[in-house]
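Examining the three-dimensional arrangement
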Amino acid sequence: MSDHSFLPAWREQSLGRRVFLRVSAASAASVALIAAGCTDTTTTPTPADPYQLALPAGDSGLVYYAYLMALAQTTLYQKVVDAPPTDLTTAERAVFADLRDHEVVHKQTLGYLLDTTGATQLVPTDFAFNLTKFTLSTRAGVLAAAQQIADLVAAAYPVLLPLFTTSSVPQRTILLKMSSVQARQAAAVRDMLMPGSFANSDVVDSAGQLLTKTPTEVMTALAPYFAPYVISVASLAVPV
Amino acid sequence: MNFLHIIDQLSAVDSDALDRLDTRRSVFSSLTTVAKRTALASAPALIASYFSKAYAGTSAGDAKDVFAYALTLELLEEDFYKKMIASPYFSGAPTAAQGAINQIKKHETSHVALLQKVLDAIGGTKPTNITFKSATFATLTSFSAQLTIAQLLEDTGVRAYKGRAGDLLGLADVTVPNVGTINPLQSALQIHSVEARHAAHIRTMRMQSSWINGNGDLDGMDHYKGAIPESTTTQSGVNLIAANSITPNTTYTAKDAQASFDEILTATEVLALATPLIGA
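All figures in this text were calculated on a predicted structure; none of them were measured in a lab.

Okay, the environment of Thr-220 of chain A next. Residue and element names in this part refer to chain A. In this fold, Thr-220 is placed in helix α6 (residues 215-226). Given 13 C-beta atoms within a 10 Å radius, Thr-220 is considered partly exposed. Along the chain, Thr-220 and Ala-145 lie 75 residues apart, while their C-alpha atoms are 16 Å from each other.

Below, the discussion takes up the packing of helix α5 (residues 169-193) of chain A against helix α9 (residues 184-205) of chain B. Where α5 of chain A contacts α9 of chain B, the axes come no closer than 8 Å and their chain directions differ by 45°. Taken together, the axes of α5 of chain A and α9 of chain B lie oblique to each other. The two elements α5 of chain A and α9 of chain B cross, and the hand of that crossing is right-handed. Taking contact as the criterion, the partners of Ser-179, Ser-180, Ala-183, Arg-184, Ala-186, Ala-187, Ala-188 and Asp-191 of chain A in α5 of chain A are, on α9 of chain B, Leu-189, His-192, Ser-193, Ala-196, Arg-197, Ala-199, Ala-200, His-201 and Thr-204 of chain B. Residue composition of the contact of α5 of chain A with α9 of chain B, grouped by class: eight nonpolar, six polar and three charged.

Residues and elements named next belong to chain A. Per-residue confidence for chain A gives a mean pLDDT of 83; residues scoring 70 or more make up 78%. Confidence scores differ between elements of chain A, with helix α1 (residues 25-35) showing the lowest mean pLDDT of 43 and helix α4 (residues 139-160) the highest of 98. The model gives residues 1-41 a pLDDT under 50, and that stretch makes 63 contacts with residues more than four places away or in other chains.

This brings us to the domain arrangement of chain B. All names here are of chain B. Split into domains, chain B comes out as domain 1 (63-224 + 264-277) and domain 2 (231-262). A C-alpha centroid distance of 29 Å is found between domain 1 and domain 2. The interface is formed by eight residues belonging to domain 1 together with six residues belonging to domain 2.

It is worth spelling out the interface of chain A and chain B at this point. With 52 residues of chain A at the contact, the number on the chain B side is 64 residues. Contributing elements (two or more residues each) for the side of chain A that touches chain B: α3 (90-114), α4 and α5 of chain A. In terms of residue class, the side of chain A that touches chain B is made up of 26 nonpolar, 20 polar and six charged.

Looking along the chain, the bond that leaves Ala-227 of chain A and enters Pro-228 of chain A is cis, with omega of 10°. You can see Pro-228 of chain A is positioned in the loop between α6 and β2 (230-232). The phi dihedral of Ser-236 of chain B falls on the positive side, at around 55°, and the residue is not glycine. Note on placement: Ser-236 of chain B falls in the loop between β3 (234-235) and β4 (238-239). Take Ser-236 of chain B: there are 21 C-beta atoms within 10 Å of it, and that puts it in the buried class. Of note, Asn-244 of chain B is a non-glycine position whose phi angle comes to about 60°, a positive value. Positionally, Asn-244 of chain B belongs in the loop between β4 and α10 (254-259).

Parameters at a glance
- Residues numbered from 1 in each chain as written.
- Chains lettered and ligands numbered in written order.
- Predicted model: local features only at pLDDT ≥ 70, side-chain atom pairs only at ≥ 80, totals over all residues.
- Helix = DSSP H or I, 4+ residues; strand = E, 2+ residues; numbered from the N terminus.
- Buried ≥ 20, exposed ≤ 12 C-beta atoms within 10 Å, placed from the backbone.
- Axes fitted to C-alpha atoms, helices over the stretch in contact; angles between N-to-C directions.
- Parallel < 35°, antiparallel > 145°, perpendicular 65-115°, else oblique.
- Left-handed = near helix turned anticlockwise from the far one by under 90°.
- Contact = placed C-beta atoms within 7 Å.
- Nonpolar A, V, L, I, M, F, W, Y, C, P; charged D, E, K, R; others polar.
- pLDDT = per-residue confidence, 0-100.
- Domains from an automatic or database assignment.

Right, here's the structure in full:
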């Protein structure tokens, strides 16, 4: 199968190294104030909730959204590569190494799109995709977790891309190129868990279209794993 | 979606791109030679050319043309799988393999039906008499030989939809009788993602990686080449396999840089590959 050799350099950067999402509750509140700016109502500022994160409006918010999905994927796949269950076969481990590698590339590319200097903290230092709710000690558990996340992200992309309505051609193009790779990944994971399930009717509709998930649906699905942080997609372009 | 609004926003393209390129200077901060600085100076033109190619189409923004093009390719795929299922080699294939081909054929039939309805709804012309040339099919004298063509068709299909996505951006939703309201771009991308799942599975059936990483037995074929080949390792003007390109202290391998992104094919490139396969 794959001739992949494990490269230590590929290991996920620790989240503290190159961190994201500077939009805190404070700036989310200021957005709300601007939105309310045409009224003369005096708004009493509410205390900032340090765990409330709002995706920025516009195309950078869409890139952030994709970044968070890639962060979830890299965290999961890195864990499987670091501590594979004993019953995960050699060939399957090689697939997970590929998944990890590709998602690291996606995450770093998206981070680069958000900040080419790498100087900006994109998410808080203690922000993480928490894996404790998954059973990662068995092959079945690993594959179920991977399928859940891979299908979710694959379902997000066909909705995400048309939401780019501005001049962000580079962002749009990069995400377009990633979208079919997400679909390939999801198919590969499904085929490991249940051979031949690569495009079953639970992910493809009767017209032969991939079933999709909106940003709200995706973030709701990911919410338990990002807790205590709460991510708001309310500022993204509609429909979210 | 407001089309005029999008045109208005498109006018901001240049300034936005220049901002991005300016901040990209940091990437080159460690470069000191005149030659490398010259490379940086010429980057905007290269990138602009790159992205115009990425979104090239024969008639930009014409949904009728894009969907007729998509239907042509789907009809070709559907007929190929029909012939595959009818061939004497099919019954000798493993049950799981037969199931997969039946499943994929079912989706291609659904895609054909959907695209026909969309073309009816938008007043487009539906291509007809698109079949996989029998004489060519007859040269495929084993199930595995047929799977080789299936892989090429699916991987090409993914690249073909991708190449026309820009032409559908910003088009208004369409009400399609017996289907509902669809967004042209989203619908095309949903089909494209299903094609990618097909491609991944057929590649697995052929003992290939699910993604295109340059190590595949067919990666030298024209289907993986084009103006922006699948071997591309530069994205958004950044060479991903250069040291520290997007991650400090990290150099990505060409294999992973290639596999992480599927590239487009233009309509001209796709039709050059597909046309010889179409016939009675």
